[in-house]
Amino acid sequence: MSEYQAPLKDMQFLLHEVFQVENFWSQTPKLAELIDKETADAILEEGAKLTSQVIAPLNRNSDEQGAVWQEGAVTTPDGFAKAYQLYCDGGWGALSGDPEFGGMGMPKMLQSAFEEMTQSSSISFALYPMLTAGAALALSSHASVEMKQTYLEKMYSGEWAGTMCLTEPHAGSDLGIMTSKAEDDGEGSYKISGTKIFITGGEQDLTDNIIHLVLAKIPGAPAGPRGISMFVVPKFLINEDGSLASRNLVTCGSIEHKMGIKGSATCVMNFDGATGYLVGEQNKGLNYMFTMMNYERLGMGIQGTGAAEVSYQQAAAYAKDRLQGRSAGGAKSPDKKADAIIVHPDVRKMLLTMRSLNEAGRCFSTYVAKQLDIAKFSDEAESRAQADQLVALLTPVAKAFMTDMAFDSCALGQMVFGGHGYVREWGQEQLVRDVRIAQIYEGTNGIQALDLLGRKVVANKGLFLESYLKEITAFTNLHVQTPQLSAFIEPLIIAVDKLKQLSTHLLTKCQSDKHLVGASATDYLAVFGYVSYGYMWAMMAEKSYDKADNEFYLAKLQVGDFYMKRLLTRIDSHSQSIFAGSDSLMAMDETLF
Ligand SMILES: Cc1cc2nc3c(=O)[nH]c(=O)nc-3n(C[C@H](O)[C@H](O)[C@H](O)COP(=O)(O)OP(=O)(O)OC[C@H]3O[C@@H](n4cnc5c(N)ncnc54)[C@H](O)[C@@H]3O)c2cc1C
C-alpha cells in the first residue's frame with residue numbers, strides 16, 4: 001500500500017495562484033499581520049508532516065480495532081491518544097479560533113487545506129477535533145462572554161472536546177419533532193433529559209472534559225423547529241476557577257457498530273436531568289446550531305475529497321505497477337509479460353474521473369472557504385453580505401456534491417485494483433466504507449438538495465443564484481477571446497445557460513406542481529455541482545495555459561480538458577430527469593411499493 005502524500009503543491013497552486021490570497025490577506029487589516037505566504041506554506045508543510053507521518057499510519061489499525069465501549073467508557077484505537085496529544089501540542093486545534101480566547105485567528109482557506117490532510121490521513125481520527133472546532137465556533141458566535149471565557153481556550157487547546165447533540169431515535173432530518181426537555185432549575189441553569197443517538201465523540205478517552213452542545217425544548221416552547229434551544233452540557237461540571245468538579249448526569253449508553261469510520265465513537269448519550277446552560281436566547285437553538293452545521297457541512301465535503309485523494313494516489317500508483325493485457329496501440333513494455341494497466345483507456349478514464357473530480361472539489365472547497373473568510377474578515381459591509389449569500393447558496397453543494405463525487409471516486413479507485421480492491425490488504429475497501437457516511441450525516445445529501453433548491457433558489461426567487469452566475473459570466477466574458485482557453489470557456493458558457501434555463505423552468509413550474517422541488521432537487525444539485533466544478537476548472541486553466549511547458553500545469557490543462565469534455569456533459573441527463581417532472585415518481589400507489 002503506498003503512503004499518503006499531502007498534495008501540497010496543488011494546495012499552494014490554489015491559494016497563491018488561482019485565488020491569489022496574498023492580495024486579500026495583505027489588504028485585510030484583521031489578517032495582514034497574522035498571515036503571509038511564507039507563514040501559510042510553513043503551516044501547510046508542518047500539517048503535511050503530522051498527518052502523513054503520525055496520523056495516517058494509525059488509520060488501518062483504527063479500522064481493525066475500532067473504538068471500544070465498556071461500562072460507559074470508550075477507548076479509542078491504539079495510538080489515537082498519542083497522536084491527539086501531538087495534534088494539540090502543535091496548536092492545530094486553535095488554528096482558526098478566536099484570538100481573544102486563545103485562538104490563532106487563521107483564515108478558513110488555510111484551515112480547509114489542513115482539514116483535507118487530516119481527513120485523508122484518517123477520517124476516524126479527524127472527526128474528534130473537527131467536532132470540537134465546530135462546537136467552539138458555535139460558542140464563539142452565539143455564547144455570552146462568560147461562557148466563551150469558560151470554554152473556548154480549553155477547547156482550542158484540545159484539553160476539552162466538543163460534540164453536537166441533535167439526533168434522537170425518532171428525530172433525524174426532522175429535528176422539529178425532538179422530545180429532549182430542558183427545565184429551568186431556578187439556579188441559572190436547566191435540567192436536561194432525553195436520549196440523543198449517533199453522537200460523534202460523545203464519549204472518548206482523549207480529553208479531560210467533553211462539552212456537549214445539546215438541542216432541547218423548554219416546556220411551553222412553540223412546536224416544531226422554532227421551539228428548540230441550545231444548551232452547553234459539560235461531562236464534568238466546572239468550578240468557578242475553571243477546575244473540574246463532579247460528573248454531570250450525562251452518560252454514554254453504548255456505541256454503534258458501523259460500516260466504516262470504526263475508530264470514531266458514535267454514541268448513544270443519555271441525559272438524566274443533566275445540568276445544562278442556555279446558549280444565547282431561548283428557542284433560537286436551531287439557528288445557532290446552523291453555525292456549527294454549516295462549518296461541518298463544508299468539512300464533510302472536504303472529508304470526501306480527503307478520502308478520494310488517498311484513493312487516487314493509491315490507484316494511480318497501482319495502475320502503473322499492475323501488469324495485465326497489452327495496449328491496443330501495441331505493446332508498451334515488450335520486455336515484460338504484459339503492459340501496466342494504465343495503458344488501457346478504461347483504467348485511464350477511471351483515474352482521470354477521480355483526479356478531475358478531486359482537484360475541482362479541492363478548488364471548490366477553497367473557493368467556499370474564501371467566501372467564509374470574506375464574510376468574516378472583510379472591512380466592507382457589501383462584500384461581507386455578498387459572501388454570506390454565496391456561502392448560504394454553496395454550502396449544500398459543497399456538502400452533497402463533493403461527497404457524492406468523492407464516494408464515486410473511491411468506488412472507482414477500488415475498481416482500478418480489481419479483486420484486490422475488494423480485499424482488506426490494499427486499503428481501498430476501507431476508503432469506500434469510511435467515505436460513505438459523508439453522504440449521510442450532517443443532513444443527508446437528499447436534504448441538502450432540498451435546501452439548495454427549495455430554500456436557496458426557489459424561496460428567494462433565484463436571487464443568490466443570479467449573483468453567482470453573474471460572477472461566472474463575468475469570468476467567461478473576460479476570457480472568451482483567449483483561444484488557449486476555448487476548451488474551457490465555451491462549454492462553461494453553454495453549461496451556465498442550461499443551469500439558468502433549468503432554474504427558470506423550476507421557478508415557474510413549482511407553483512403548480514407541489515412535488516416538483518422534491519422530485520428535482522438531487523438532479524438540480526448535481527447540475528449545479530457539475531457547473532461549479534466547470535467554473536473551478538476554467539479558473540485553474542486560466543492560471544495554467546501559458547505555463548504548459550511545465551508538467552504540473554500541463555497536467556492541469558489535460559485533466560481539466562477531460563473534465564470539460566467527458567464529465568460536464570453529465571448535466572444533460574440530469575436536466576432531462578428534471579424536465580420529466582414529478583408524475584412518474586408520484587403516480588404509483590404506496591401499496592404497490
Ligand atoms: C456515524 C454517524 C455519525 C453521526 N454523528 C452525529 C452527531 O455527531 N450528532 C448528531 O446530532 N447526529 C449525528 N448523526 C446523525 C445523522 O446526522 C443523521 O443520521 C442524518 O441526519 C439522517 O437522519 P436519520 O438517520 O434520522 O434519517 P431520516 O431522517 O429518517 O431519513 C431517512 C431517509 O429519508 C429521507 N428524508 C427524510 N426527510 C425527508 C424529507 N423531508 N424530504 C425528502 N427526503 C427525506 C432522508 O434523506 C433519508 O434518505 C450521525 C449519524 C451517523 C450514522
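Residues numbered from 1 in each chain as written. Predicted model: local features only at pLDDT ≥ 70, side-chain atom pairs only at ≥ 80, totals over all residues. Heavy atoms only, no water.

Asks: Lay out the overall build of the chain with the relevant residues and their values.
Replies: Scanning the chain for helices and strands turns up 20 helices and 11 strands. Against the compact-globule benchmark of 25 Å for 593 residues, the chain has a radius of gyration of 24 Å, which places it among compact chains. Across its three principal axes, the chain shows a C-alpha extent of roughly 80 × 60 × 60 Å. Counting only residues that meet the buried cut, the chain has 57% of its 593 residues in that class. For the chain, the proportion of contacts with a sequence separation of at least 24, taken over those separated by at least 6, is 73%. Accessible surface, the chain: about 24,600 Å² in total, of which carbon and sulfur atoms supply 52%. Distance between charge centres in the chain, computed from 51 positive and 70 negative side chains, equals 6 Å. (Helix = DSSP H or I, 4+ residues; strand = E, 2+ residues; numbered from the N terminus. Rg over C-alpha atoms; globule rule 2.2 N^0.38 Å. Buried < 20%, exposed > 50% of the residue type's maximum accessible area, 1.4 Å probe, protein only. Contact = heavy atoms within 4.5 Å. Areas by Shrake-Rupley, 256 points an atom, 1.4 Å probe, with all protein chains shown as cover. Lys, Arg positive; Asp, Glu negative; His and termini not counted. Charge placed at Lys NZ, Arg CZ, Asp CG, Glu CD.)

Asks: Give a detailed account of helix 8 (residues 123-142), specifying residues and quantitative values.
Replies: Between its first and last C-alpha atoms helix 8 spans 28 Å; for 20 residues at 1.5 Å apiece the expected length is 28 Å, and the two agree. The element helix 8 is extensively covered by neighbouring structure, given that 16 of its 20 residues are classed as buried. (Expected span 1.5 Å × (residues − 1).)

Asks: Explain the packing of aromatic side chains residue by residue, including any values.
Replies: Taken as a whole, this structure holds 24 aromatic pairs when the rule is applied. Judged by centre distance (6.4 Å) and plane angle (50°), the ring pair of Tyr 367 and Tyr 468 falls under tilted. Of the two residues, Tyr 367 sits in helix 11 (residues 345-377) while Tyr 468 sits in helix 15 (residues 463-479), which places them 101 residues apart along the sequence. For the pair formed by Tyr 367 and Tyr 468, the shared burial category is buried. Seen from their ring centres, Phe 475 and Tyr 535 are 5.7 Å apart, and the 70° between their planes marks the pair as edge-to-face. On the criterion of sequence distance, the pair formed by Phe 475 in helix 15 and Tyr 535 in helix 17 (residues 516-542) is long-range, its members being 60 residues apart. (Phe/Tyr/Trp six-rings, centres within 6.5 Å; stacked < 30°, edge-to-face > 60°.)

Asks: Go over the nonpolar core, please, and point to the residues and values.
Replies: Where a protein is soluble and globular, its nonpolar side chains tend to be buried together. In terms of nonpolar packing, the biggest core is built from 177 residues, with Phe 364, Tyr 468, Tyr 524 and Phe 528 touching the most fellow members. Counting residues per element, this core draws most heavily on helix 17, at 18 residues. Not counting chain neighbours up to four residues away, the residues in contact with Tyr 524 comprise Leu 452, Leu 453, Val 457, Leu 465, Leu 499, Ser 503, Leu 506 and Ile 578. With 12 residues, the next largest nonpolar core counts Ala 315, Tyr 318, Leu 351 and Met 354 among its residues. (Core = buried A, V, L, I, M, F, W, Y, C linked by side-chain atoms within 4.5 Å.)

Asks: Residue-level account of the site of the ligand, with values.
Replies: Lining the immediate surroundings of the ligand are 19 residues, of which Met 164, Thr 167, Ser 173, Phe 198 and Thr 444 lie closest. Between the ligand and Leu 166 there is a distance of 2.9 Å, counted from an oxygen atom to a backbone nitrogen or oxygen. Interatomic distance of 2.7 Å between a backbone N/O atom of Phe 198 and a nitrogen atom of the ligand. For the ligand, the accessible surface in isolation is 970 Å², of which the surrounding protein chains cover 62%. For the shell around the ligand, the secondary-structure elements that each account for two or more residues are strand 5 (190-200) and helix 14 (445-458). The greatest single-element share of the shell around the ligand, amounting to 3 residues, is contributed by strand 5. For the shell around the ligand, the per-class residue count stands at 10 nonpolar, 7 polar and 2 charged. (Near = heavy atom within 4 Å. Polar contact = N/O pair within 3.5 Å; in protein donor to acceptor, adjacent residues only side chain to side chain. Nonpolar A, V, L, I, M, F, W, Y, C, P; charged D, E, K, R; others polar.)

Asks: Would you mind going over the pairing of strand 3 (residues 160-165) in detail, with residue names and values included?
Replies: Remember that side chains alternate between the two faces of the sheet whenever the strand is regular. For strand 3, a buried count of 6 out of 6 residues is recorded, marking the element as mostly surrounded by other parts of the structure. Residues Trp 160, Gly 162 and Met 164 of strand 3 are buried on one face, and the alternating residues Ala 161, Thr 163 and Cys 165, pointing to the opposite face, are buried as well. Where strand 3 lies against strand 6 (residues 209-217), 6 bridges are found, and the strand directions are parallel. When the bridges of strand 6 are listed, Trp 160 appears paired with Asn 209. (Pairing = 2+ DSSP bridges.)

Asks: Give a detailed account of the environment of Gln 70, specifying residues and quantitative values.
Replies: Tracing the backbone through its elements, the reader meets Gln 70 in strand 1 (residues 68-70). Here Gln 70 falls in the exposed class, since its relative accessible area comes to 57%. Each C-alpha atom of the pair Gln 70 and Thr 207 lies 17 Å from the other, and the pair is 137 residues apart in sequence.

Asks: Account for a nonpolar patch on the surface, naming residues and giving values.
Replies: There is a patch of nonpolar side chains on the surface, built from Met 588, Leu 592 and Phe 593 and spanning about 380 Å² of accessible area. One can find Met 588 in the segment after helix 20 (583-586). (Patch = residues over 30% accessible without salt bridge, like charges linked within 9 Å, V, L, I, M, F, W, Y side chains within 5 Å. Salt bridge = Lys/Arg side-chain N within 4 Å of Asp/Glu carboxyl O.)

Asks: So what's going on with unusual backbone geometry? Residues and values would help.
Replies: Residues other than glycine seldom take positive phi values, yet Phe 198 does so here, at roughly 60°. With respect to the secondary-structure elements, Phe 198 resides in strand 5. Its identity as a non-glycine residue notwithstanding, Lys 461 has a phi of 55°, on the positive side. Positionally, Lys 461 belongs in the loop between helix 14 and helix 15.

Asks: So what's going on with the side chain of Ser 229? Which residues, and what values?
Replies: With respect to the secondary-structure elements, Ser 229 resides in strand 7 (residues 228-234). Judged by relative accessible area, Ser 229 falls into the buried class, the value being 0%. Every residue in contact with Ser 229, bar those within four places of it in the chain, is listed here: Val 214, Leu 215, Ala 216, Ile 218, Leu 278, Gln 282, Asn 283 and Gly 285.

Asks: Explain the pattern of salt bridges to me, and be specific about the residues and the numbers.
Replies: With the rule as written, the count across this model stands at 27 salt bridges. One salt bridge in this structure joins Glu 64 and Arg 60, with 2.9 Å as the shortest N-O distance. Pair noted here: Glu 64 and Arg 60 are both in helix 5 (residues 59-65), with a separation of 4 residues, about one helical turn. Among the residues examined, Arg 60 registers a relative accessible area of 26% and is labelled partly exposed. With a closest N to O distance of 2.8 Å, Arg 424 and Asp 63 form a salt bridge.

Asks: Give a description of the pairing of strand 9 (residues 244-247) that names residues and reports values.
Replies: Relative to strand 9, strand 8 (residues 236-238) runs antiparallel, the two being bridged by 2 bridges. Its bridge partner being in strand 9, Ile 238 is matched across the sheet by Leu 244. Connecting strand 8 to the next strand, strand 9, in antiparallel fashion are 5 residues, including Gly 242 with a positive phi near 90°.

The values are spatial; any link to function lies outside them.
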